[in-house]
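# Descriptive analysis of the structure
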Amino acid sequence: MKAGETLKSGVFYELMSVLNDRKNNYKFDSVIEKYMLEDILIALKGNGFGVNAYPNSKSYNKYLDILPKISSKASTENKRHIVDKYNQELKTWNKLFRDFYSNDQFEEVTQVADENKFFAFLIAFEFYVRALNDLKFNGGKNKNFYGNMDIQRNINGQTIGIKELSANQFTDVIDLLFQQASKVVQAFIFYGYLYNNNEFKYCEHDRDIDLSDIKKSFNYFQLIDLRTVLFDLFEDWKFGNYEVLERDEKNVEIMPKSLKSFLDETIEAQRFESFRQHNIWSYDARNRDVKELSLTKVLAPESFLDKSEEASYNEYLEYFSSEKLDYKVEGIEIVKWLRAYAVVRHYNRKFLNTNLFPEHSIPDNWLYVSTVDKWVQLFTMHGIDEESAKIICDKFRFKKNSVDWFDSPFIEIGEKIITIPSVASRIQDVLALISMAAKEDMNLDFKGYCFEDRILNDLNTNKIPAVSIKRKIKGKEYQCDVAFILGKDLFLCECKHTVQPLTQRKRYDFYNQKIPGDIEQTNRICDFYSSNLNYIIDEFNNKHGSTYTSDWRPRQIYRMVIYSCKLASKLDIDGVIITDYTIFTTLLYKRLPTIFQNGRTTQFMPPKMKGVFQGKLTSNKLLNFLDNPWQMDFQKFATEIEDEVIPVNQIYLHKKKAFRIIDNFYA
């Protein structure tokens, strides 16, 4: 979804504020009077208002309360048909969610004794993940313990089992399972979901859990699959341009109106996942038994706890666009966060490898049970001071607003801290810290300065003179992150280190808040320096020994925003070119498409790039490449879209699905 393409951000955010202000009993009147009908309905849709997406939700009843006012506005504007269509979409969504929550498997999991629900689910989860890993990476050596277990996935239009899944596809499956399983536990602990009187209970961690309760808990995994499909599509509908059609009583169709927009969303996610998995799989999943290098107290980069910490350190450098990690988060050096994650990984991996399939269904045998004091002790044993260790332990607690067990691995149950070995043993540091920082409002401003320095270095290393300019005039500050001269043209750039917006909501915020704000800032800075070229001339003459005279004028001035996150295409909004770092630097380093397989990389030259890579880089080459980079062509070539039918319960859901036909391609 491009900026302003579907939602009007003003009404959306104002309505969100109204919905969050429940003390005033949802004061809609001012919003309804202020905006046009279409904008109001789109904002209601974006906030999911009117859909009972959760059990016992009253959202649809609250919508019915304000429907008379909306209908009155529709009559005034002669747009009753728009309201009728929206009402029908709400009814269809509510029908889908009712069908999902009436699934017999919910009855099965509800029968598990309240005091056993929590640990029965976690043991079932650990059992399931360990069995899948054993099948995938160990040839099913322990199959006599778990029997005929498999996962079926629709890949490239075919239903295949775990052995046929590629490493990347298997990673996707497991990561998604981790994320959704953590939401089940959130629902248990913080909402008492599926418990009598919505009151969370748990048994002692050193007692046997009834095997029948664990077997019933396996029903969660199919429910998790269905919930993921349903809620992902719900988010697509809320923030995208989707058509909802109820074919008949048994069939519902929810499809994107624009396949191009659908493909763009897929390409952004795939480009990011390619980058991430390239880092992960080079050292992690296929090398589970990482040998210890040192149990030193000395922190990185002088010493590493193990190879995983060393790999994570290098990933931090890449992500933060830095040559070193001498920055702090919450007053704690990043290398201490790095060591804390390494310690959690190390002891959970050690626990996991000690007894992969315990004989008894005792939580202590399947889960790493400890205390805050013991974790503080382990952190201090490995080089983290006690004060920092206590802060980190607090930040690691699994909370109501935590994203998943990667960013918050410590589940607090009474006086105990539970970690899930199969998850905690493969925590991905960078994503975990960034995710936690976003939720906890932790300051990571330094990443912006690192990103600017990296782009300056990229340009200057490739003999393209570049500078950063900062002037303060009459109390107003004007900072251009990067200015560079290519031939006779001047490029003025803002550099924005941005977390990849992977959800529909985050994409909406990115395109409707982040980009417009950055464009406004860019134009303000560029207007100033375009009218005051003397500052540009002085900076280049001083920093690069250039000899521009005071009357020098560039042939053309280009305005640009460069993002660290992956985009699906170049944008051009209000005279500002918007691109991403990978695309921008491809021509600088003559970077080629890569196939990564069995630990080896193979590069190849796209035919149309031969002329572009030859000779010096020019403005024309750069601008043409930004318009049509090979990364996008290959992602489109490697991606297919097909129709998919999902049996929710009694209703069949028809949707579109995008999948990669070349799984090990990295662009």
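Everything that follows concerns the structure shown earlier in this document.
Keep in mind the model is a prediction, meaning the values are calculated, not measured. (Residues numbered from 1 in each chain as written. Predicted model: local features only at pLDDT ≥ 70, side-chain atom pairs only at ≥ 80, totals over all residues. Heavy atoms only, no water.)

All right, on to the packing of helix α4 (residues 59-76) against helix α5 (residues 80-101) then. One can describe the packing of α4 onto α5 by two numbers: an axis separation of 10 Å at closest approach and a directional angle of 165 degrees. Classified by the interaxial angle, the pair formed by α4 and α5 is roughly antiparallel. The interaxial crossing formed by α4 with α5 has left-handed handedness. For the pair formed by α4 and α5, the contact residues are Tyr 60, Tyr 63, Leu 67, Ile 70, Ser 71 and Ala 74 on the first element and Arg 80, Val 83, Tyr 86, Asn 87, Leu 90, Lys 91 and Asn 94 on the second. (Axes fitted to C-alpha atoms, helices over the stretch in contact; angles between N-to-C directions. Helix = DSSP H or I, 4+ residues; strand = E, 2+ residues; numbered from the N terminus. Parallel < 35°, antiparallel > 145°, perpendicular 65-115°, else oblique. Left-handed = near helix turned anticlockwise from the far one by under 90°. Contact = heavy atoms within 4.5 Å.)

We now examine helix α14 (residues 334-354). Since there are 3.6 residues in each turn of an α-helix, residues three or four apart along the chain are aligned in direction. Taking 1.5 Å as the rise per residue, α14 with 21 residues should run 30 Å; its terminal C-alpha atoms sit 30 Å apart, in good agreement. Within α14, 17 of the 21 residues are buried, leaving the element largely enclosed by the surrounding structure. (Expected span 1.5 Å × (residues − 1). Buried < 20%, exposed > 50% of the residue type's maximum accessible area, 1.4 Å probe, protein only.)

Hydrogen bonds between backbone atoms are what pair the strands of a sheet, whose relative direction is either parallel or antiparallel. Across the sheet, six strands lie side by side as β10-β11-β12-β13-β15-β14; this open sheet has mixed pairing. With partners counted over all chains shown, the strands left at the sheet margins are β10 (466-473) and β14 (571-573), one partner each. If you compare each strand with its neighbour and ignore which way they point, the axes differ by 35 degrees on average. Sheet topology note: the β10/strand β11 (residues 476-486) ladder contains seven bridges and is antiparallel. Along β11, the bridge assignment pairs Lys 470 with Gln 479. Helix α22 (residues 533-544) rests against β10, β11, β12 (489-496) and β13 (556-563) of the sheet, and its axis sits at about 130 degrees to β10. Where helix α25 (residues 619-627) meets the sheet, it contacts β11, β12, β13 and β15 (576-580), and its direction lies at approximately 40 degrees from that of β12. (Pairing = 2+ DSSP bridges.)

With that settled, the discussion passes to the environment of Ile 362. Checked against the element boundaries, Ile 362 lands in the loop between α14 and α15 (363-366). For Ile 362, the contacting residues outside a window of four places in its chain are Ile 123, His 205, Asp 206, Arg 207 and Asp 208.

Further remarks concern the packing of α14 against helix α17 (residues 386-395). Viewed as axis vectors pointing N to C, α14 and α17 meet at an angle of 60 degrees, and their least axial separation amounts to 11 Å. Two packed elements cross with a definite hand, and for α14 against α17 that hand is right-handed. Of the residues in α17, those touching α14 at Lys 336, Trp 337 and Ala 340 are Ser 388, Ile 392 and Lys 395. Tallied by class, residues from the contact of α14 with α17 come to three nonpolar, one polar and two charged. (Nonpolar A, V, L, I, M, F, W, Y, C, P; charged D, E, K, R; others polar.)

Turning our attention to the sheet that holds strand β7 (residues 368-370). Pairing within the open sheet is antiparallel, and its three strands lie in the order β7-β9-β8. The sheet is open, and its two edges are formed by β7 and β8 (411-413), each paired on a single side. Averaged over all pairs of adjacent strands, the angle between strand axes in this sheet comes to 30 degrees, irrespective of strand direction. The pairing of β7 with strand β9 (residues 416-419) spans three bridges and is classified as antiparallel. Bridging across to β9, Val 369 finds its partner in Ile 418.

As enumerated under the stated definition, the model contains 70 aromatic pairs in all. The interplanar angle of 15 degrees and the centroid separation of 4.5 Å between the aromatic rings of Tyr 128 and Phe 221 together place this pair among those described as stacked. With Tyr 128 in helix α7 (residues 114-137) and Phe 221 in helix α11 (residues 219-239), the pair connects residues that are 93 residues apart, well separated along the chain. Each member of the pair, Tyr 128 as well as Phe 221, carries the same accessibility label: buried. Where Tyr 368 meets Trp 375, the ring centres are 5.5 Å apart and the plane angle is 50 degrees; that geometry is what we call tilted. The residues Tyr 368 and Trp 375 share a single accessibility class, namely buried. Sitting above the plane of the Phe 231 ring, Arg 227 keeps its charged end 4.1 Å from the centroid. (Phe/Tyr/Trp six-rings, centres within 6.5 Å; stacked < 30°, edge-to-face > 60°. Lys NZ or Arg CZ within 6 Å of the ring centre and 35° of its normal.)

Let us now look at the environment of Leu 233. Inspection of the secondary structure assignment puts Leu 233 in helix α11. In this structure Leu 233 comes out as buried when scored by relative accessible area, which is 3%. Other than its neighbours up to four places away in sequence, Leu 233 contacts Trp 93, Tyr 242, Ile 254, Leu 653 and Lys 655.

The next point concerns the pairing of strand β4 (residues 251-256). Summarising burial for β4: six of the six residues are buried, a large majority. The side-chain alternation of β4 yields two buried faces, one formed by Asn 251, Glu 253 and Met 255 and the other by Val 252, Ile 254 and Pro 256. The pairing of strand β3 (residues 242-248) with β4 spans six bridges and is antiparallel. Bridge assignment links Leu 245 to a residue of β4, and that residue is Glu 253. In textbook terms, the turn of a hairpin is the stretch between consecutive antiparallel strands, and for β3 and β4 this stretch comprises two residues. Direction of pairing for β4 relative to strand β19 (residues 652-660): parallel, over a ladder of three bridges. By the bridge assignment, Asn 251 is partnered in β19 with Tyr 652.

That is the geometry; function is a separate question.
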